[in-house]
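Below, each chain spelled out in residue letters.
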Amino acid sequence: MQISRPDEQYGNGDTSFKAAGGEAGVRKLVNDFYDQMEQLPEAKIIREMHSADLTESRDKLHLFLCGWLGGPRLYQEKYGGMSIPKAHSHLKIGEHESKTWILCMQKALDKQAYKESFKRYLITELRRPAEACRTL
Ligand code: HEM
């Protein structure tokens with residue numbers, strides 16, 4: 001009988017970063033995430049909060065998530081420390097906007113060749129900062 005390992009395995013060290021495919025894997029996840037934001041009609045509300053050109057947003061989220069997943073702290077090296085709530089304090093983010101962000105991320109995760117257990121772990125973990133971004 002196969003015993004499935006608990007999701008907690010991902011929280012330690014750089015296990016999550018590795019499970020996400022390292023820098024290249026995180027880059028692909030972030031690109032797919034912003035592609036979803038550009039394509040999904042229901043994501044229009046959060047797409048419009050961003051600049052017309054998403055290059056910098058794609059770049060920053062990639063750098064940030066590498067460190068957040070336990071990998072190299074690339075965002076910090078380039079921009080210094082950041083607080084997720086502060087970085088979003090000028091935006092109108094309520095429950096709907098937060099859930100829409102998570103929806104884009106879920107759809108991006110669906111496209112990745114990650115283990116199902118890692119996809120479930122990651123979307124659960126991301127709900128916390130997505131909730132912390134709320135200003136409404
Ligand atoms: C809850 C829904 C969210 C919305 C609607 C949202 C929206 C945005 C927008 C519009 C920007 C660009 C801000 C600007 O240029 O003025 C931004 C930046 C950023 N967001 Fe989010 N975001 C959300 C959640 C998250 C989460 C959960 C994370 C991390 C796990 C995250 C990480 C970042 C980062 C790293 C930046 C760049 C900050 C900077 O250096 O300026 N965001 N977000």
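A. Local environment of the overall build of the protein chain. If you tally the helices and strands in the protein chain, you get eight helices and zero strands. Sequence-ordered secondary structure for the protein chain, helices as α and strands as β, is α-α-α-α-α-α-α-α. The principal-axis extents of the C-alpha atoms in the protein chain amount to approximately 50 × 35 × 25 Å. By residue count, 40% of the 136 residues in the protein chain fall in the buried class. Nonlocal contacts in the protein chain, meaning residues at least 24 apart in sequence, comprise 72% of its contacts between residues at least 6 apart.

B. Main features of the packing of helix H2 (residues 22-39) against helix H4 (residues 55-68). Across the interface, H2 lies against H4 with an axial gap of 9 Å and an inter-helix angle of 135°. By the angle class used here, H2 and H4 are oblique. H4 is crossed by H2, and the crossing has right-handed handedness. Contacts from Glu-23, Val-26, Arg-27, Val-30, Asn-31, Phe-33, Tyr-34, Asp-35 and Glu-38 in H2 reach Ser-57, Arg-58, Asp-59, Leu-61, His-62, Leu-65 and Cys-66 in H4.

C. Expanded view of the pattern of salt bridges. If you walk through the whole model with that rule in mind, you get 13 salt bridges. The residue Lys-119 makes a salt bridge to Glu-116 at a minimum N-O spacing of 3.4 Å. Note that Lys-119 and Glu-116 are positioned in helix H8 (residues 116-132) at a spacing of three residues, about one turn of the helix. With a shortest N-O distance of 2.5 Å, Glu-125 and Arg-128 are connected by a salt bridge. Highlighted residues: Glu-125 and Arg-128, both in helix H8, separated by three residues, approximately one helical turn. A residue is classified by how much of its surface remains accessible, and Glu-125, at 21% relative accessible area, is partly exposed. For Arg-128, a relative accessible area of 55% corresponds to the exposed category. Among the charged side chains, a network of salt bridges with common partners joins Asp-35, Glu-38, Arg-47 and Arg-58.

D. Representation of H2. If you check H2, its first and last C-alpha atoms are 26 Å apart, about what 18 residues at 1.5 Å a residue would give, namely 26 Å. Taken together, the buried positions of H2 are Gly-22, Gly-25, Val-26, Leu-29, Val-30, Asp-32, Phe-33, Tyr-34, Gln-36 and Met-37. The elements touched by buried residues of H2 are helix H1 (15-19), helix H3 (44-47), H4, helix H7 (95-110) and H8.

E. Up close: the site of the ligand. Among the 20 residues in the neighbourhood of the ligand, the closest are listed as Lys-60, Tyr-75, His-88, His-90 and Trp-101. The separation between an oxygen atom of the ligand and a polar side-chain atom of Tyr-75 is 2.4 Å. A distance of 2.8 Å separates an oxygen atom of the ligand from a polar side-chain atom of His-90. At the level of elements, H4, H7 and H8 are the ones that each hand at least two residues to the shell around the ligand. Of the residues belonging to the shell around the ligand, the class tally is 14 nonpolar, four polar and two charged.

Cut-offs applied
- Residues numbered from 1 in each chain as written.
- Predicted model: local features only at pLDDT ≥ 70, side-chain atom pairs only at ≥ 80, totals over all residues.
- Heavy atoms only, no water.
- Helix = DSSP H or I, 4+ residues; strand = E, 2+ residues; numbered from the N terminus.
- Buried < 20%, exposed > 50% of the residue type's maximum accessible area, 1.4 Å probe, protein only.
- Contact = heavy atoms within 4.5 Å.
- Axes fitted to C-alpha atoms, helices over the stretch in contact; angles between N-to-C directions.
- Parallel < 35°, antiparallel > 145°, perpendicular 65-115°, else oblique.
- Left-handed = near helix turned anticlockwise from the far one by under 90°.
- Salt bridge = Lys/Arg side-chain N within 4 Å of Asp/Glu carboxyl O.
- Expected span 1.5 Å × (residues − 1).
- Near = heavy atom within 4 Å.
- Polar contact = N/O pair within 3.5 Å; in protein donor to acceptor, adjacent residues only side chain to side chain.
- Nonpolar A, V, L, I, M, F, W, Y, C, P; charged D, E, K, R; others polar.

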